[in-house]
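Each chain, written out:
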Amino acid sequence: MSYKPAIASMSLGRAWVHQLPYKLDQAVANNLTGIEIFFEDLEYLARAESNLAPSATLSSEAQLHAAQTIRTLCDERSLSIIGLQPFMHYEGLLDREEHTARIKKLELWFRIAKVLGTDVIQIPGNFLGTDKITGDLDVVIQDLKEVADMGLKERPIIKFAYENLCWSTFFDTWEKAWDLVERVDRPNFGMCLDTFNIAGRVYADPAAADGKTPNAEEDMKRSLEEMVRRVDIKKVFYIQVVDAEKMRSPLVEGHAFYAEDQPARMSWSRNARLFAFEEGGYLPVLDVTKAIIQGLGYKGWVSMELFSRTMNAPGSEVPKEHARRAREAWEKLEKEITGWQSK
């Protein structure tokens, strides 16, 4: 495999609005051959299969049954499940009883991953408040080593793809995420590199008048040069390629996307991502992707992981339209990759 296109299941529409089988149909119809399973889709399917209310406790058996259903749906459509995500709010918890509960949850996720037929679990950088998590590297590294060592005991081995989110409380850049990967130092603990979350912190600031950080171009160039120098490609388990809208006005109080309880970049991410090459996008997506593919020599799955206000809209056109947009983005990106490799 050199490069294959994938999409995250929630990027085809949120689970409480759109049925998973139909979303998978649209992915296949648009030549997307891989799927990231967003846990929300599995959870909603499990509740539907068990006829459970949203507030009812979901049993392990119900979740495993839903995983088998998803595996069957994907096998029938020749879709590869490239990962399960997101294993949220894990590292650095101050409440160690909650940490123990997360570890117990992970044991179930291992069983779910095996049923799904995937060996990758994604961990996004924790974005809980400083009243709930610590950035103490000793604690964080020990937490991440713990799950990596658990994954090494599984057969097949479970890999963890850690992803910096551009609004993560402590680990919001690829540099900080890579530092964790190096310190954890386990063969099954690596990264998911996401063009949005990389550029969304170094280059973009949706709360700024021009949508950029003060030295956006210079800082982005330096960051990508450092990435090519530092990152071991063996630890890049897969990549996500998407863009985002430039806000017409700063995303501050009074803006339609503003939420008092979350950072501006998180509100921006949830509402205004775009597929690559779409009108209104302004992140240096191609520069980031080129650094990963040409600079690092990455080969593997390329996922179109989109979050947008449009995912919540009703109607069968939503999954169909999102799948079409993802396909068009991939086709354009594939041409770019071919061009890089021919030089």
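Our structure's up above, just so we're on the same page.
Helices and strands together make up the secondary structure of the protein chain, namely 11 helices and 10 strands. Against the compact-globule benchmark of 20 Å for 343 residues, the protein chain has a radius of gyration of 19 Å, which places it among compact chains. Along the three orthogonal principal directions, the C-alpha set of the protein chain runs to about 50 × 50 × 45 Å. Of the contacts made within the protein chain by residues no fewer than 6 positions apart, 82% connect residues no fewer than 24 positions apart. Split by element, the accessible area of the protein chain, about 14700 Å² in all, is 48% carbon and sulfur. Side chains of the protein chain carry 43 positive and 52 negative charges; the gap between the two charge centres is 4 Å.

Before going further, it helps to spend a moment on the layout of surface pockets. Of the pockets and cavities examined, the largest pocket occupies roughly 400 Å³. In this structure, the largest pocket is lined by 21 residues; those nearest its centre are Phe-38, Gln-85, Pro-86, Met-88 and Arg-270. The element best represented in the lining of the largest pocket is helix 2 (residues 39–50), accounting for three residues. Residue classes in the lining of the largest pocket are distributed as 10 nonpolar, three polar and eight charged. Estimated volume of the second largest pocket: approximately 170 Å³.

Which parts of space are left empty comes out when a probe the size of a water molecule is rolled across the atoms. If you walk through the whole model with that rule in mind, you get one cavity of 30 Å³ or more. Here the largest cavity defines a volume of roughly 40 Å³. Each residue belonging to the lining of the largest cavity can be placed in one class, and the counts come to five nonpolar, four polar and one charged.

One can describe the packing of helix 4 (residues 96–116) onto helix 5 (residues 137–153) by two numbers: an axis separation of 11 Å at closest approach and a directional angle of 25°. Classed by the angle they form, the pair helix 4 and helix 5 counts as roughly parallel. Viewed along their axes, helix 4 and helix 5 form a crossing whose handedness is right-handed. Residues Arg-96, His-99, Ile-103, Leu-106, Glu-107 and Phe-110 of helix 4 form the contact with helix 5, whose participating residues are Val-139, Asp-143, Glu-146, Val-147, Met-150 and Gly-151. A breakdown of the residues in the contact of helix 4 with helix 5 according to their chemical character gives six nonpolar, two polar and four charged.

Counting 110 residues, the largest nonpolar core has Leu-193, Trp-268 and Leu-283 as the members making the most contacts within it. Broken down by element, the residue count for this core peaks at eight residues, all from helix 4. Ranked by size, the runner-up nonpolar core spans five residues in total, among them Ala-8, Met-10, Phe-38 and Phe-307.

Once that is clear, we can look at the environment of Val-139. With respect to the helices and strands, the residue Val-139 is situated in helix 5. Owing to a relative accessible area of 28%, Val-139 belongs among the partly exposed residues under this scheme. Between the C-alpha atoms of Val-139 and Leu-93, which are 46 residues apart in sequence, the distance is 8.7 Å.

Let us now look at unusual backbone geometry. Both trends apply: most residues other than glycine have a negative phi, and most peptide bonds are in trans. With an omega dihedral of -5°, the bond running from Gln-85 to Pro-86 counts as a cis peptide bond. Turning to its location among the elements, Pro-86 is positioned in the loop between strand 3 (80–85) and helix 4. The linkage connecting Arg-155 with the following residue, Pro-156, adopts the cis geometry, with an omega of -5°. Secondary-structure assignment places Pro-156 in the loop between helix 5 and strand 5 (159–163). Notably, Ser-78 is not glycine yet its phi reads approximately 55°, a positive angle. Within the fold, Ser-78 resides in the loop between helix 3 (60–76) and strand 3.

Time to look at the pairing of strand 4 (residues 120–124). Counting buried positions along strand 4 yields five of five residues, so the element is predominantly enclosed. Judged by which residues are buried, strand 4 turns out to be covered on both faces: Val-120, Gln-122 and Pro-124 on one side and Ile-121 and Ile-123 on the other are all buried. Bridging between strand 4 and strand 5 involves five bridges; their strand directions are parallel. In the sheet register, Val-120 faces strand 5, and the bridge partner there is Lys-159. The parallel pair strand 4 and strand 5 is bridged by helix 5, and the resulting crossover is right-handed.

As a further point, take the packing of helix 2 against helix 3. At a minimum axis separation of 8 Å, helix 2 and helix 3 run at an interaxial angle of 110°. As summarised for this structure, helix 2 and helix 3 are arranged roughly perpendicular, according to the angle between their axes. The segment helix 2 lies against helix 3, with Phe-39, Leu-42, Leu-45, Ala-46, Glu-49 and Ser-50 engaging Ala-62, Gln-63, His-65, Ala-66, Ala-67, Thr-69 and Ile-70. Of the residues that constitute the contact of helix 2 with helix 3, the class distribution is eight nonpolar, four polar and one charged.

Criteria and cut-off values
- Residues numbered from 1 in each chain as written.
- Predicted model: local features only at pLDDT ≥ 70, side-chain atom pairs only at ≥ 80, totals over all residues.
- Heavy atoms only, no water.
- Helix = DSSP H or I, 4+ residues; strand = E, 2+ residues; numbered from the N terminus.
- Rg over C-alpha atoms; globule rule 2.2 N^0.38 Å.
- Contact = heavy atoms within 4.5 Å.
- Areas by Shrake-Rupley, 256 points an atom, 1.4 Å probe, with all protein chains shown as cover.
- Lys, Arg positive; Asp, Glu negative; His and termini not counted.
- Charge placed at Lys NZ, Arg CZ, Asp CG, Glu CD.
- 1 Å grid on protein atoms, 1.4 Å probe; cavity = no way out; pocket = protein on both sides within 12 Å on 5 of 7 lines; lining within 4 Å.
- Points joined across faces, edges and corners; volume = space filled by probe spheres on them.
- Nonpolar A, V, L, I, M, F, W, Y, C, P; charged D, E, K, R; others polar.
- Axes fitted to C-alpha atoms, helices over the stretch in contact; angles between N-to-C directions.
- Parallel < 35°, antiparallel > 145°, perpendicular 65-115°, else oblique.
- Left-handed = near helix turned anticlockwise from the far one by under 90°.
- Core = buried A, V, L, I, M, F, W, Y, C linked by side-chain atoms within 4.5 Å.
- Buried < 20%, exposed > 50% of the residue type's maximum accessible area, 1.4 Å probe, protein only.
- Pairing = 2+ DSSP bridges.
- Right-handed = clockwise from strand over helix to strand, strands pointing away.

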